[in-house]
Amino acid sequence: MLKNILLLNKPAENQSAYDYHLGLLRRDTVVKPVIFVGAGTCGMIAGAGKTLNAIHNYLHEKNIDAEVVEVGCIGLCTHEPLVDVQLPGKRRISFSNITENRVESLLDEILNSVIPDEQVLGQYSHPHHEAWEQVKLLAEIPFFRLQNRMVIKNCGIINPFSIDEYIARGGYKSLTRVLRNYSAEKVCEIVEESGLRGRGGGGYPTGRKWKYALNTPDEERFMICNGDESDPGAFMDRAMFEGDPHRVIEGLAIASYAINAKRAYIYVRAEYTLAVTRLKHAIQQAEKAGLLGHNILNSGYNLTIQVREGAGAFVCGEETALISSIEGKRGTPRPKPPFPALRGLFGKPTIVNNVETLANIPAILDHGPAWFSSIGTARSKGTKVFALAGKISIIGLVEVSMGTTLKDLIYHIAGGVKNGKRIKAVQLGGPSGSCLPEQSLDVEIDYESLLEAGTIMGSGGLVVMDEDTCMVDIAKFFTDFLQRESCGKCIPCREGSRRMHEILENITRRPLNESGFETLERFKGVMQLGNLAEVIRDTSLCGLGQTAPNPLISALKYFREEFEEHIFDRKCRAGVCKDLRLYYIDVEKCTGCTACAKKCPTTAIIGSPRNPHFIIEDKCIGCGICFDVCKFVAVFVK
């Protein structure tokens, strides 16, 4: 009924019954308490599964008739498990950190219309629902106030298992309009006119890319949604799959129509089990509703979508490696050209788009290209989703208009750095991105502005580092990650990233029993580090290899002083590099209990019982056991 009336504009047989049903789906009307639980992966890790059980047990024991809805993540991962409650006639209200032991007290009060003293996050706005007194609107708290949620607007709000809820909120309207009114060429033109650029990092104009595939003569074409999210700290794709899978499917269906593809794939990491489950369920629902499959909405257009689970290789985020993986081959990149738009999956024209790119498509077709291009900057249109991680007050998912500064994103939306510490750097773009220092945070979120600042947009992972972070250690972490994830096909990436990691390992350790030749080799490596990074960038086969040295190059550019301290002074100012730590004993506090000397694995601690002890620097390996066992806080680190 819903599909016929909302999508096909057929009249309702019983208008009042239809209006009532629509109100229930949109939660404009609730006839019994509705309890929403954030059950995305972040929520489940925080204990949402136990919270759900506790809620069901409470309702069963108290014999209360209420509806429990599992929703995705609204973006406030720090506040998970999140529980919302909507009572008949009242606004939906949100509570944070509702672990299983807090369920009973929360429901005892809120089901009797009493607001608990703690854990209240805010209430949702609704013109026809009675407001809770003394409770602020969620939209007014800084985390939401400065966002422009277009792509993730349904995440954490609607039931991801219900296609009817998605349709009731305007879902699949754009697909219907496209199939009934537009040619494939027209859809490509609309998307090109909107100014949408690929959100996977490259920023290539999406509509132009589609036109290449559409205009390449062939009997068969393929569309691929790249959900192989593998950047450390990134979880945008996962959250969209889990919170609003139908939006991604609708965007993918429109994109497939635009290039005249009859088969499409969603490539997603196998460890995203919850996302895979919800995607498959959503595809089945769309097929059952006639929105996928044969002769969709009597348009004559056929489309099948398959979910392909990847083994989790970082390199499969690169489009040609991903295509090889779908073909059943080892996931390694191919030389370009030819580009996939001309010769991709099984040798056919293929378009690979990022999840966020596709999730933007329904809104562009719904509101028009002029609306979309009015958002953002002159060169970068629309919004961008970021996954915030690291030493930041609020870890979560945010969506802001292009042109927002990194400073606004970090300080005014995410609450700044934890524990009042100073920010040292921001890492954008995952392992292929760069580290920007604090003084660069005024840069706008815009493809070209970020490039001019020395970094890339990337897929949206943003890691904040405070003053306790060692930038040499960060560079070492990313080079280690990349040398492990290198597919090994080209020598510059395979051998170069391994050599970079070896040099950084040498920098962060204290040379013990080193011969003169070994010392010379170590310094030779240090002297070659910058040139080596440049060679890898210039000669690697694929984009991942070419961008692999970016974290190191940017760290050398902005934090050279820290590298020099590690090399010449054997000092790590952040105290992170374990091998460079120097431990000392405060003679005023040492009681001579001998606990440290007994545990020291290298007998570097000397002293007699009941007298202050001392550490021999040359023998100390910086393991920190003395620090851990001292009950008198006499051991300290310099």
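A short tour of the structure in this document, coming up. Note that the structure is predicted; figures quoted are calculated from it, not measured. (Residues numbered from 1 in each chain as written. Predicted model: local features only at pLDDT ≥ 70, side-chain atom pairs only at ≥ 80, totals over all residues. Heavy atoms only, no water.)

### Let's talk about the overall build of the protein chain
- For the protein chain, the count of helices and strands is 26 helices and 18 strands.
- Against the 2.2 N^0.38 benchmark of 26 Å for 638 residues, the protein chain shows a C-alpha radius of gyration of 28 Å, consistent with a compact globule.
- C-alpha extents for the protein chain along the principal axes are approximately 95 × 65 × 40 Å.
- In the protein chain, which comprises 638 residues, the proportion classed as buried is 56%.
- Taking all contacts inside the protein chain whose residues are at least 6 apart in sequence as the whole, residues at least 24 apart take part in 69%.
- Accessible surface computed for the protein chain: about 27,000 Å², of which carbon and sulfur atoms make up 50%.
- In the protein chain, 75 positive and 75 negative side-chain charges are present, and the distance between their average locations comes to 3 Å. (Helix = DSSP H or I, 4+ residues; strand = E, 2+ residues; numbered from the N terminus. Rg over C-alpha atoms; globule rule 2.2 N^0.38 Å. Buried < 20%, exposed > 50% of the residue type's maximum accessible area, 1.4 Å probe, protein only. Contact = heavy atoms within 4.5 Å. Areas by Shrake-Rupley, 256 points an atom, 1.4 Å probe, with all protein chains shown as cover. Lys, Arg positive; Asp, Glu negative; His and termini not counted. Charge placed at Lys NZ, Arg CZ, Asp CG, Glu CD.)

### Looking at the pattern of salt bridges
- Inspection of every chain in the model, using the stated rule, returns 40 salt bridges.
- A salt bridge links K173 to D366; its shortest N-O distance comes to 3.6 Å. Taken as a pair, K173 in helix α8 (residues 173-181) and D366 in helix α15 (residues 355-367) lie far apart in primary sequence, 193 residues in all.
- Take D366: its relative accessible area is 24%, and that puts it in the partly exposed class. (Salt bridge = Lys/Arg side-chain N within 4 Å of Asp/Glu carboxyl O.)

### Some thoughts on empty space enclosed by the protein
- Overall, the coordinates contain 5 cavities of 30 Å³ or more when judged by the stated rule.
- Its volume calculated, the largest cavity comes out at about 140 Å³.
- Forming the boundary of the largest cavity are 16 residues, of which S486, C487, C493, L544 and G545 lie nearest the centre.
- Elements with a contribution of two residues or more to the lining of the largest cavity: α19 (471-485) and α22 (543-547).
- Looking at side-chain class alone, the lining of the largest cavity contains 11 nonpolar, 3 polar and 2 charged residues. (1 Å grid on protein atoms, 1.4 Å probe; cavity = no way out; pocket = protein on both sides within 12 Å on 5 of 7 lines; lining within 4 Å. Points joined across faces, edges and corners; volume = space filled by probe spheres on them. Nonpolar A, V, L, I, M, F, W, Y, C, P; charged D, E, K, R; others polar.)

### Remarks on the nonpolar core
- By size, the foremost hydrophobic cluster in this structure holds 119 residues, and its most contacted members are Y172, W210, M223, F386, L406, L409 and L462.
- In terms of residues, this core owes the most to one element, helix α12 (residues 245-258), which gives 8 residues.
- Contact partners of L462, with chain neighbours within four places excluded, come to F386, A387, L388, A389, L406, L409, I410, V426, Q427 and L428. (Core = buried A, V, L, I, M, F, W, Y, C linked by side-chain atoms within 4.5 Å.)

### A look at the packing of helix α4 (residues 48-61) against helix α5 (residues 100-110)
- At their nearest, the axes of α4 and α5 sit 8 Å apart, and the two run at 40° to each other. Taken as axis vectors, α4 and α5 run oblique relative to one another. The crossing of α4 and α5 is right-handed. Side by side, α4 and α5 meet where K50, T51, A54, I55 and Y58 of the first sit next to E100, V103, E104, L107 and D108 of the second.
- Here the residues of the contact of α4 with α5 sort into 5 nonpolar, 1 polar and 4 charged. (Axes fitted to C-alpha atoms, helices over the stretch in contact; angles between N-to-C directions. Parallel < 35°, antiparallel > 145°, perpendicular 65-115°, else oblique. Left-handed = near helix turned anticlockwise from the far one by under 90°.)

### A few points about the packing of aromatic side chains
- By the definition in use, this model includes 10 aromatic pairs.
- Measuring from ring centre to ring centre gives 5.1 Å for F314 and F481, while their planes differ by 75°; the resulting arrangement is edge-to-face. Of this pair, F314 sits in the loop between β8 (304-310) and α14 (319-326) while F481 sits in helix α19, placing them 167 residues apart in sequence. Neither F314 nor F481 differs from the other in exposure class; each is buried.
- Ring-pair connections join several aromatic residues into one group, and the members of that group are F222, Y265 and F346.
- Against the face of Y124 rests R92, its NZ or CZ located 4.9 Å from the ring centre.
- The ring of F386 is capped by K384, whose NZ or CZ atom sits 5.4 Å from the centre of that ring. (Phe/Tyr/Trp six-rings, centres within 6.5 Å; stacked < 30°, edge-to-face > 60°. Lys NZ or Arg CZ within 6 Å of the ring centre and 35° of its normal.)

### A closer look at the sheet that holds strand β1 (residues 34-38)
- Overall, mixed pairing links the 5 strands, which are arranged β2-β1-β3-β4-β5 in an open sheet. Two strands bound the open sheet, and with one partner strand each, they are β2 (67-71) and β5 (120-123). Going across the sheet, the axis of each strand differs from the next one's by a mean of 20°, ignoring polarity.
- Where strand β3 (residues 83-86) meets strand β4 (residues 93-95), 3 bridges bridge the pair, whose relative direction is antiparallel. (Pairing = 2+ DSSP bridges.)

### What about the layout of surface pockets?
- The computed volume of the largest pocket comes to approximately 1,400 Å³.
- Taken together, 50 residues form the lining of the largest pocket, with G200, G201, G202, G203 and G317 sitting closest to its centre.
- Elements that contribute at least two residues to the lining of the largest pocket include exactly α10 (206-214), β6 (222-227), β9 (350-354), α18 (447-452) and α22.
- Considering each element in turn, the lining of the largest pocket owes the most residues, 5 residues, to β9.
- When its volume is computed, the second largest pocket comes out at roughly 610 Å³.
- Y124, S125, K153, I157 and R169 are the residues nearest the centre of the second largest pocket, which is lined by 23 residues in total.
- Here the lining of the second largest pocket is built from residues that sort into 8 nonpolar, 7 polar and 8 charged.

### Focus on the packing of α8 against α15
- Where α8 contacts α15, the axes come no closer than 8 Å and their chain directions differ by 65°. Considering how the two elements wind past one another, α8 and α15 form a crossing that is left-handed. Here K173, S174, R177 and V178 of α8 lie close against α15, whose contacting residues are P362, L365 and D366.
- Of the residues that constitute the contact of α8 with α15, the class distribution is 3 nonpolar, 1 polar and 3 charged.

### Let's talk about helix α20 (residues 491-507)
- With 17 residues, α20 should reach 24 Å at 1.5 Å per residue; the first-to-last C-alpha distance of 24 Å fits that figure.
- Those residues of α20 lying buried are C493, G496, S497, M500, H501, I503, L504, N506 and I507.
- The inward-facing, buried residues of α20 contact α19, α21 (516-539), α22, α23 (550-558) and α24 (560-569). (Expected span 1.5 Å × (residues − 1).)

### A closer look at the sheet that holds strand β14 (residues 461-466)
- Reading across from one edge, β11-β10-β14-β12-β13 is the order of the 5 strands in this open sheet, with mixed pairing throughout. Of all the strands in the sheet, the pair left with one neighbour each is β11 (396-401) and β13 (434-437). Taken pair by pair, the neighbouring strands of this sheet meet at an average axis angle of 30°, ignoring direction.
- Pairing of strand β10 (residues 383-390) with β14 involves 4 bridges; the strand directions are parallel.

### Some points on the environment of N506
- With respect to the secondary-structure elements, N506 resides in helix α20.
- Taking the C-alpha atoms as reference points, N506 and G525, 19 residues apart in sequence, are found 8.8 Å from one another.

### Things to note about the pairing of β1
- Among the 5 residues of β1, 5 are classified as buried, and the element is accordingly described as predominantly covered.
- Here β1 shows no split at all, with V34, F36 and G38 on one side and I35 and V37 on the other all buried.
- In this structure, β1 lies alongside β3, joined through 4 bridges in antiparallel fashion. Directly across from V37, in β3, lies its bridge partner V83.
- As judged from the 5 bridges shared by β1 and β2, these two strands associate in the parallel manner. Along β2, the bridge assignment pairs I35 with V68.

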